[in-house]
Amino acid sequence: MYLSSVLQQINSSKTYVAEDLYKLNEAMFNLPEEDVVDNKTTAKLFQAVSKIARDYNAGKYDTSDPNFFYDYVALLGTMQNQHFFSTKQNTSMLGWLAEATGGSSSPPPPPPKVSAATAKEMASLEAENKKLQAEIEKLKVVAEAVNIIKTFKAPSPPEAPKAKAKAKVKKEQKERKPKAKKEEAATEEKPATEEKPATEEKPATE
């Protein structure tokens, strides 16, 4: 198994270099599915990682290689995620990883306790907040409906067909012509008015 050969090289190294950490991380990350890590191999793995962590914290590694830190963090990140390590071993590796990255491996503190009155007030505020949110959602629906209605256009009145309009005009013209003829005939039939004789002028009295 490739992992076993890498472990032998790691254990024989007096001063770790970045290449050692890279090889171990690669062997673990690309472990074939058919290779089974038994308890003996798990113990050797944890022993090797523990020695690397001690030497890193003590500065007993190739400090001239700037990649050593990144390979160290990557190795711990891969190892702490393996299922065959115990909870204690996993916690130890998480602690080393936190120390290297400047974080904290301790769990976050529990939230502070609140009084019964405060809890009741918070529950009331949450209920009121839910009601307000429900009302806002209703108003949103109404606003959307209004916007949709605004997009509607009133239907325009239908235009009269041109053929009907022309027929109507012709009909009106036909009705006007007989009326004009009747009026002309009536004027012709009227007799000429007789002129009244002029009255004789009476002589002026002296």
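In this text, all values refer to a predicted model and were calculated from it rather than measured experimentally.

Definitions and limits used
Residues numbered from 1 in each chain as written. Predicted model: local features only at pLDDT ≥ 70, side-chain atom pairs only at ≥ 80, totals over all residues. Heavy atoms only, no water. Helix = DSSP H or I, 4+ residues; strand = E, 2+ residues; numbered from the N terminus. Contact = heavy atoms within 4.5 Å. Areas by Shrake-Rupley, 256 points an atom, 1.4 Å probe, with all protein chains shown as cover. Axes fitted to C-alpha atoms, helices over the stretch in contact; angles between N-to-C directions. Left-handed = near helix turned anticlockwise from the far one by under 90°. Nonpolar A, V, L, I, M, F, W, Y, C, P; charged D, E, K, R; others polar. Buried < 20%, exposed > 50% of the residue type's maximum accessible area, 1.4 Å probe, protein only. Polar contact = N/O pair within 3.5 Å; in protein donor to acceptor, adjacent residues only side chain to side chain. Patch = residues over 30% accessible without salt bridge, like charges linked within 9 Å, V, L, I, M, F, W, Y side chains within 5 Å. Salt bridge = Lys/Arg side-chain N within 4 Å of Asp/Glu carboxyl O. Arc of directions from axis to C-beta. Core = buried A, V, L, I, M, F, W, Y, C linked by side-chain atoms within 4.5 Å.

(A) Structural view of the overall build of the protein. Secondary structure summary: the protein contains seven helices and zero strands in total. Written out in order from the N terminus, the α and β elements of the protein read α-α-α-α-α-α-α. Of the contacts made within the protein by residues no fewer than 6 positions apart, 68% connect residues no fewer than 24 positions apart. When the accessible surface of the protein is totalled, it reaches about 17300 Å², and 55% of it is carbon and sulfur.

(B) Main features of the packing of helix H1 (residues 2–12) against helix H3 (residues 39–58). Relative orientation of the contacting elements H1 and H3 amounts to 35°, with a least axis distance of 10 Å. The handedness of the crossing between H1 and H3 is left-handed. The residues of H3 that touch H1, namely those facing Leu3, Leu7, Ile10 and Asn11, are Thr41, Lys44, Leu45, Ala48 and Ile52. Broken down by class, the residue content of the contact of H1 with H3 amounts to six nonpolar, two polar and one charged.

(C) Representation of the side chain of Gln89 within the structure. Position of Gln89 among the secondary structure elements: in helix H5 (residues 87–101). For Gln89, a relative accessible area of 18% corresponds to the buried category. Of the polar contacts made by the side chain of Gln89, one reaches the backbone nitrogen of Ser86; its length is 3.0 Å. With near-sequence residues (within four places) excluded, Gln89 lies in contact with Thr42 and Phe46.

(D) Examining a nonpolar patch on the surface more closely. On the surface, Ile148, Ile149 and Phe152 cluster together to form a nonpolar patch covering roughly 350 Å² of accessible area. Turning to its location among the elements, Ile148 is positioned in helix H6 (residues 116–150).

(E) Examining H1 more closely. Taken residue by residue, H1 has Leu3, Val6, Leu7 and Ile10 as its buried positions. For H1, the arc enclosing every buried residue in end-on projection is 105°, short of the 170-degree limit, so these residues lie on one face. Projecting away from the buried face of H1 at angles above 90 degrees are the exposed residues Gln8 and Ser12. Looking at the buried positions of H1, the neighbouring elements they touch are helix H2 (18–29) and H3.

(F) Up close: the nonpolar core. The biggest cluster of nonpolar side chains holds 29 residues, and the ones touching the most others in it are Leu3, Leu24, Leu45, Ile52, Tyr72, Met79 and Trp96. Contributing elements (two or more residues each) for this core: H1, H2, H3, helix H4 (68–79) and H5. Among the elements that line this core, the one with the most residues is H3, at seven residues. Each residue touching Leu24, except ones within four places of it in the same chain, is listed here: Leu3, Val6, Leu7, Ile10, Leu45, Ile52, Leu75 and Met79.

(G) Summary view of the pattern of salt bridges. Using the criterion set out here, one finds two salt bridges in the structure. We note a salt bridge from Lys51 to Asp55, for which the minimum N-O separation is 3.4 Å. Taken together, the residues Lys51 and Asp55, both in helix H3 and four residues apart, mark about one turn of the helix. Its relative accessible area of 29% is what places Lys51 among the partly exposed residues. Judged by its relative accessible area of 11%, Asp55 is buried.

(H) Spotlight on the environment of Asn57. Examined against the element boundaries, Asn57 turns out to sit in helix H3. In this structure Asn57 comes out as partly exposed when scored by relative accessible area, which is 48%. As for Asn57 and Ala100, which are separated by 43 residues in sequence, their C-alpha atoms are 8.5 Å apart.

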